[in-house]
Amino acid sequence: MASGLHRARTRTGDPMRADRPDEMMKLGAFFHPTGNHVAAWLHPEAQIDAGTNFKHYVNLAQTAERGKFDLMFLADALAVRDGKLAALSRWPQYMVYFDPATLLSAIAAVTEHIGLVATATTSYNEPYNIARKFASLDHISGGRAGWNVVTSSNLSEAYNFGREAHFEHDERYDRAVEFTEIVRGLWDSWDDDAFVRDRATGRYFDPAKLHVLNHKGKHFSVRGPLNVARPPQGHPVIFQAGSSEVGRELAARTAEGVFTPQHALTGAQEFYRDLKGRMAKYGRPPEALKIMPGLNAIVARTAREADEKHRYLQSLIHPDVGLELLSNALGGFDLSEYDIDGPLPDIPDHWGMVTGQTSLRNVVGWAREEGLTIRQLYERFAGARGQRTLKGSPVEVADDMEKWFLGYGVDGFLVQPAYLPGGLDDFVDLVIPELQSRGLFRSDYEGATLRDHLGLERPSSRYAAATA
Ligand SMILES: Cc1cc2nc3c(=O)[nH]c(=O)nc-3n(C[C@H](O)[C@H](O)[C@H](O)COP(=O)(O)O)c2cc1C
């Protein structure tokens, strides 16, 4: 029995830990440039030019690695955000920032262990480019790459890729299924031992170990093979963040990690059961997928200090920005004509649903159930960008995380510090040691690859499986 486990049991006197005795919580760090909070850049301790400051990301990656995080994650969209310029000019998040796969390739050179996960959309990329990009990152990083598969929900991206409209929601996912299959096929282009590089015989690779995909499908035609050797992890780890019906199916079918906004333990448990329950029909065991809901942790030495930190950040939200973010979450519904201290007006059913946004349901639900005004609602939403905020002392934050983990609501969390770098420093210095002392989180890396950290198997090649 692990000593941490023993400590956890004696500390809480709770035999629940026995349910997940050998399992460690998985932790990802999600870095929005200046931080997760919509007003993060106004915080005097935030890196003000974060989006295009490489040293900032080096510092974040190295801090997260000091905290033994499984992975760092960078989101992406292929467009500047659209909206009212008055609001956008006060809200720099994702206006200018680096291409994440390029950035992670550079981060790979200054880190040794941490997993490197980036978003890439299946709507405005070609499978060959993505297969090549993430295979390259996996080689460069020694097996630490992960791809977050998104279908894009942002219309502005369409305008940059020769389209007047975005693909319709279900069609996006139909493309994503085919896209992901092709990428995985391309990663298998070369057997692991294809490159014999034998000067004595003059043979560089074994021709029998090269495979041509020859894919001709509904959305894509890709001959292959890929011009990168099979990645060290076999396949870089695939993540997904959709929460709609088709999004969950894609995750059950292909994802090995899932990011999701969850606000209450019961909802998280339902999501957990639902998603893992869908995997059997694809021949996958539930442990082949790790569910990591977003967590906007605001931690300080005492609960009071954490409260003050949060209040201060909330006070920095400009109403134009709050309304803009809320309007985005409501599928574009314009709230500027309504009394900011009055109730949320009725939002017609088709708003947001046309793009399939799940955020709409959450936001309208909060407003109705808790009788929130528009200002209260945007403060709730803008503060954490739709993710759960958890504030408190290190013990309070760890207690809550432990409850969700042991209660099978999660396999881990995607920690989204409110402002950067300070919010990450706080988490690493205050919460990580608390989790480690309870035997809930690793004290050091045990493996070399992201798959090792997450406890995921290395996939064998589809061709090896066919001839076995
Ligand atoms: C933690 C998290 C990260 C996400 N990152 C991105 C991203 O980088 N780019 C993007 O276009 N969408 C991103 N999304 C949106 C999802 O891919 C998805 O579109 C959204 O959750 C709605 O679900 P649905 O597509 O199943 O309707 C993210 C969602 C979550 C919860």
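What comes next is a walk through the structure. Note that the coordinates shown come from a computational prediction; the quantities given were computed from them, not determined experimentally.

### Some thoughts on the side chain of Asp188
In step 1: Along the chain, Asp188 falls in the loop between helix H7 (169-187) and strand E5 (195-198).
In step 2: A distance of 2.8 Å separates a polar atom in the side chain of Asp188 from a polar atom in the side chain of His235.
In step 3: Ignoring anything within four residues of it in the chain, the contact list for Asp188 reads His211, Arg230, His235, Ser461, Arg462 and Tyr463.

### Quick notes on empty space enclosed by the protein
In step 1: Inspection of the entire model under this criterion finds three cavities of 30 Å³ or more.
In step 2: Lining the largest cavity are Phe31, Pro33, Tyr57, Leu74, Ala75, Tyr94, Tyr97, Phe98, Pro100 and Leu103.
In step 3: When the residues that make up the lining of the largest cavity are grouped by side-chain class, the tally is 10 nonpolar, no polar and no charged.
In step 4: Estimated volume of the second largest cavity: approximately 60 Å³.
In step 5: Lining the second largest cavity are Ala297, Ile298, Val299, Lys309, Leu313, Ala418, Tyr419, Gly423 and Asp426.

### Description of the pattern of salt bridges
In step 1: As enumerated under the stated definition, the model contains 32 salt bridges in all.
In step 2: With its nearest N and O atoms 2.7 Å apart, the salt bridge here joins Glu256 to Arg451. Highlighted residues: Glu256 in the loop between helix H8 (245-254) and strand E10 (257-260) and Arg451 in helix H17 (residues 450-454), separated in sequence by 195 residues.
In step 3: Take Glu256: its relative accessible area is 12%, and that puts it in the buried class.
In step 4: A salt bridge links Asp307 to Lys391; its shortest N-O distance comes to 3.0 Å. Here the residue Asp307 occupies a position in helix H10 (residues 303-315), and Lys391 occupies one in strand E12 (residues 388-392), the gap between them amounting to 84 residues.
In step 5: If you follow the salt bridges from partner to partner, you end up with Glu181, Arg184, Asp188, Asp192, Arg230, Arg458 and Arg462 in one network.

### A look at the pairing of strand E4 (residues 145-150)
Sheet faces and side chains relate simply in a regular strand, where the side chains alternate between the two faces.
In step 1: Within E4, six of the six residues are buried, which leaves it mostly tucked inside the rest of the structure.
In step 2: Bridge count between strand E3 (residues 115-121) and E4: six bridges; the pairing is parallel. Looking at the pairing, Leu116 lines up with Ala145 of E4.
In step 3: Running through helix H5 (residues 127-141), the crossover from E3 to the neighbouring parallel element E4 is right-handed.

Criteria and thresholds
- Residue indices begin from 1 for each chain and proceed along its sequence in written order.
- Selection of residues for local features in this predicted model requires a pLDDT of at least 70, selection of side-chain atom pairs for listing and counting requires 80 or more, and totals for whole chains, interfaces and linings are taken over all residues.
- Calculated side-chain values reflect all of the structure's heavy atoms, with hydrogen atoms and water omitted.
- Only runs of H or I of at least four residues qualify as helices and only runs of E of at least two qualify as strands under DSSP, and these elements are numbered from the N terminus.
- Any pair of nitrogen or oxygen atoms within 3.5 Å is treated as a polar contact; in protein, a donor-acceptor pairing is required on top of that, and neighbouring residues in sequence qualify only through side-chain atoms on both sides.
- Only heavy atoms matter for contacts: two residues are in contact if any of them lie within 4.5 Å across the pair.
- Both site types are read off a 1 Å grid over the protein atoms alone. A 1.4 Å probe that fits but cannot get out defines a cavity, while an open set with protein on both sides within 12 Å along at least five of seven lines defines a pocket; lining residues have an atom within 4 Å of a point.
- Grid points are joined across faces, edges and corners, and a volume is the space filled by probe spheres set on the points.
- Charged residues are taken to be Asp, Glu, Lys and Arg, nonpolar residues to be Ala, Val, Leu, Ile, Met, Phe, Trp, Tyr, Cys and Pro, and polar residues to be all remaining types, Gly included.
- Counted as salt bridges are all cases of a side-chain nitrogen of Lys or Arg within 4 Å of a carboxyl oxygen of Asp or Glu.
- Note on exposure labels: buried denotes an accessible area under 20% of the residue type's maximum, exposed denotes more than 50%, and partly exposed covers the range between, all computed with a 1.4 Å probe on protein chains only.
- A pair of strands is treated as paired once DSSP finds two or more bridges between them.
- Every crossover in which the path from the first strand over the helix to the second runs clockwise, viewed with the strands pointing away from the viewer, is termed right-handed.

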